[in-house]
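What the coordinates show
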Amino acid sequence: MIVMTNETVTLNNGVHIPAVGYGTFRVKDSDELAEMVTLAIKEGYRHIDTAHIYGNEESVGRGIQKAIDEGIVTRDELFVTSKVWNDGLSYDETIAAYEESIRKLGLDYLDLYIIHWPGQDDNYIEVYKALEELYNSKRVKTIGVSNFHVHHLEKLLANTTIVPAVNQIEFQPRLTQVEVREYCKKHGIQVEAWSPLMNGEILNDPTLVEIAEKYNKSTAQVILKWDLQNDVITIPKSMTPSRIRENLDIFDFTLTDEDVEKISALNEDFHYGANPEVFNFK
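Okay, so let's go over this structure. (Residues numbered from 1 in each chain as written. Predicted model: local features only at pLDDT ≥ 70, side-chain atom pairs only at ≥ 80, totals over all residues. Heavy atoms only, no water.)

Describing the side chain of Asp 49
When you line up the elements, Asp 49 lands in strand β5 (residues 47-49). A relative accessible area of 2% means that Asp 49 is categorised as buried. Ignoring sequence-local partners within four residues, the contact set of Asp 49 consists of Tyr 22, Gly 23, Thr 24, Tyr 54, Thr 81, Lys 83, Gln 168 and Ile 235. (Helix = DSSP H or I, 4+ residues; strand = E, 2+ residues; numbered from the N terminus. Buried < 20%, exposed > 50% of the residue type's maximum accessible area, 1.4 Å probe, protein only. Contact = heavy atoms within 4.5 Å.)

Observations concerning the sheet that holds strand β6 (residues 79-84)
Judged by pairing direction, the sheet is parallel, and its eight strands sit side by side in the order β4-β5-β6-β7-β8-β9-β10-β11 without closing on themselves. This sheet does not close on itself; its edge strands, each paired only once, are β4 (22-23) and β11 (233-235). Relative to β6, β5 runs parallel, the two sharing three bridges. Looking at the pairing, Asp 49 lines up with Thr 81 of β6. (Pairing = 2+ DSSP bridges.)

Overview of helix α2 (residues 57-69)
Taking 1.5 Å per residue as the helical rise, α2 with its 13 residues ought to reach 18 Å, and the 18 Å between its terminal C-alpha atoms agrees with that figure. Taken together, the buried residues of α2 touch α1 (31-43), β5, β6 and α3 (91-105). (Expected span 1.5 Å × (residues − 1).)

A closer look at the packing of aromatic side chains
Overall, the coordinates contain nine aromatic pairs when judged by the stated rule. Where Tyr 22 meets Tyr 45, the ring centres are 5.8 Å apart and the plane angle is 70 degrees; that geometry is what we call edge-to-face. Separated by 23 residues along the polypeptide, Tyr 22 in strand β4 and Tyr 45 in the loop between α1 and β5 bring together distant segments of the chain. When its relative accessible area of 1% is taken as the criterion, Tyr 22 is described as buried. Given the relative accessible area of 1%, Tyr 45 is considered buried. A centroid spacing of 5.0 Å and a plane angle of 75 degrees characterise the contact between Tyr 124 and Phe 148, whose relative ring orientation is edge-to-face. Highlighted residues: Tyr 124 in helix α4 (residues 123-136) and Phe 148 in the loop between β8 (140-146) and α5 (150-159), separated in sequence by 24 residues. For the pair formed by Tyr 124 and Phe 148, the shared burial category is buried. (Phe/Tyr/Trp six-rings, centres within 6.5 Å; stacked < 30°, edge-to-face > 60°.)

These figures capture arrangement, not role.
What follows is the structure, given as structure tokens:
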């Protein structure tokens, strides 16, 4: 059973993961990103999310190392995720991709390593078996997947031995992915939300604005709280210091069941990002 507290979630292997992460999607490798990662950690984030394809692991690593050097945190207090870009990788290439990621990050291990996309064939089975080896050899604390729909998960579970700890999917008020979330809950797979704020494009929605005014919160805070009350870990991205702080300040209020339903009713099955059913690596 997945248990969520105000600040952490217990995954299916007993590892604790912070319920709010700092995302770095669509942010280039830069000194500014390194500074924002350090700032996020100073503000209280303990969950940092990156990926090979983002091309920014080195900057993320510098930001993490600075926070450690300044005594803000120890490595063990952080939860760091990266993702393998499954574009037809072999087993050995997946292991090598992991080693490259931790080298760029300047870390000895990752807390979570996941397959970024399933793709349009069954290659993710071989890639996941490499992740199982990384887990069994204690080079990573948890493994998982991203953007997997039910049929991907069914095939994965039928051909591998370790149930993914996490499925990171696009989850936002216009894409609630009920079927995927219900399947994950049934099988003990924790759902995480990427792009929960649709890059800011949903923040002026009248329903969200009205609800935010009721709680004296921003629309972004309301959406992120809605994520948590749906038992979904949320990973907002911002390069603005005030918004980095704001996105973590969501533990002092609770949405009513009625307001949670109002937000969920905004669903249109609209993919702001790529749809895993049609997305390929070409």
